[in-house]
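Each chain, written out:
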Amino acid sequence: METTRLNPVTLVTGATTKFGAACARWLSPRSKGGLILVDPDEDALSRMADTLPDPPERVSMLALDASDETRWAQAASFIESQYGRLDWAVVHTGAVVTHSELITDTDLRADALPADLNIAYLTMRAAMPLMRKNIDGGSIIVSASAGALKTAPDGSVDGRTGLLQLMRMAAQVGAHENIRANAIAPGGPDTPGWARLPWIDDLVREFGSERDALDAVGQRNPPIARYQGAEDMSRLIELLLSDGAHMTGATLVVDGGYTL
């Protein structure tokens, strides 16, 4: 499915993380109208920008704290003045949402949200008014985590479901303005927080490398077909961004069977 939009302008947050950088590199030659990269680390942004293949004529690197409401207002004004539009946005917080609060009301206050949900909320709140200016609307992809869908042994649900609920709210609000919002929920070594799991360190020590450890996980129950890396997500990104994909409010899980 082709992303046939003419000269699209793209925003990528968390652009120096594995997932964010992979998205930026894939979108670079496809964002003919311009590419805006957001991350708090200015030096890392510059280094990542140097790796972009066939970059568009205009690439902007915004080093900002994505949890700062004032900075997002400035960023939205910059995008409007310099690009005049926004077509696509990849929202990646670069960290795990660990709080249990679920967002069930569209009347949100940014200062009432956990930090990671706050980042996603502020990003979409800045992006959606810019997308409304387009006749064809726009598309938002939220990077979530497959762990948000896995039921714990005690029957509780991971607090990261709040991020998926936020995405669904954005899909509902944007539906009448042709703004679609969907999520990709990967599971594996490129997922935020993966390296923090103590059992991963134990397996790496036992098997000698992360790759061998992942292969060992694949033999366990439930079976893991194959963990997807950040670079493997291009087909899903293309699907979700395409104007021909009438999909919104959906979460595509790419975890090799981890949540089974």
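Our subject is the structure that appears above.
Quick look at the structure, then. (Residues numbered from 1 in each chain as written. Predicted model: local features only at pLDDT ≥ 70, side-chain atom pairs only at ≥ 80, totals over all residues. Heavy atoms only, no water.)

1. Quick notes on the overall build of the protein chain
Reasoning step 1: What the protein chain contains, in helices and strands, is eight helices and seven strands.
Reasoning step 2: For the protein chain, buried positions account for 53% of its 260 residues.
Reasoning step 3: Taking the contacts inside the protein chain whose residues are at least 6 apart along the sequence as the reference set, 73% of them involve residues at least 24 apart.
Reasoning step 4: Surface accessibility of the protein chain: about 12,300 Å² in total, with carbon and sulfur atoms responsible for 49%. (Helix = DSSP H or I, 4+ residues; strand = E, 2+ residues; numbered from the N terminus. Buried < 20%, exposed > 50% of the residue type's maximum accessible area, 1.4 Å probe, protein only. Contact = heavy atoms within 4.5 Å. Areas by Shrake-Rupley, 256 points an atom, 1.4 Å probe, with all protein chains shown as cover.)

2. Focus on the sheet that holds strand β7 (residues 251–254)
Reasoning step 1: Within the open sheet, the seven strands sit side by side as β3-β2-β1-β4-β5-β6-β7. Their pairing is parallel. The strands lining the two open edges of the sheet, one partner per strand, are β3 (59–63) and β7. Sheet twist, expressed as the average angle between the axes of neighbouring strands with direction ignored, equals 15°.
Reasoning step 2: By the bridge criterion, six bridges tie strand β5 (residues 138–143) to strand β6 (residues 179–186) in an arrangement that is parallel. Following the sheet pairing, V142 is matched in β6 by A183.
Reasoning step 3: Sitting on the sheet, helix α2 (residues 42–49) touches β2 (34–39) and β3, and the angle it makes with β3 is about 160°.
Reasoning step 4: Where helix α8 (residues 234–241) meets the sheet, its contacts fall on β4 (88–91), β5, β6 and β7, and the angle it forms with β6 comes to roughly 165°. (Pairing = 2+ DSSP bridges. Axes fitted to C-alpha atoms, helices over the stretch in contact; angles between N-to-C directions.)

3. Points about the environment of L236
Reasoning step 1: For L236, the location among the structural elements is in helix α8.
Reasoning step 2: A relative accessible area of 22% places L236 in the partly exposed class.
Reasoning step 3: Through-space distance from the C-alpha of L236 to that of I141 is 9.9 Å; in sequence the pair is 95 residues apart.
Reasoning step 4: Setting aside its immediate chain neighbours within four residues, L236 contacts I184, L252 and V254.

4. Quick notes on the pairing of β7
Reasoning step 1: What you see with β7 is a clean split: L252 and V254 sit on the buried side and T251 and V253 on the side with no burial.
Reasoning step 2: Sheet analysis places β6 next to β7, joined by four bridges and oriented parallel. Bridging across to β7, P186 finds its partner in V254.

5. Comments concerning the packing of helix α1 (residues 18–27) against α8
Reasoning step 1: As a packed pair, α1 and α8 sit with axes 11 Å apart at the nearest point and diverge in direction by 65°. Relative to α8, the element α1 is oriented roughly perpendicular. Crossing of α1 against α8: the hand is right-handed. Residue-level inspection shows C23, W26 and L27 of α1 in contact with α8, the latter providing S234, I237, E238 and L241.
Reasoning step 2: A per-class count over the contact of α1 with α8 returns five nonpolar, one polar and one charged. (Parallel < 35°, antiparallel > 145°, perpendicular 65-115°, else oblique. Left-handed = near helix turned anticlockwise from the far one by under 90°. Nonpolar A, V, L, I, M, F, W, Y, C, P; charged D, E, K, R; others polar.)

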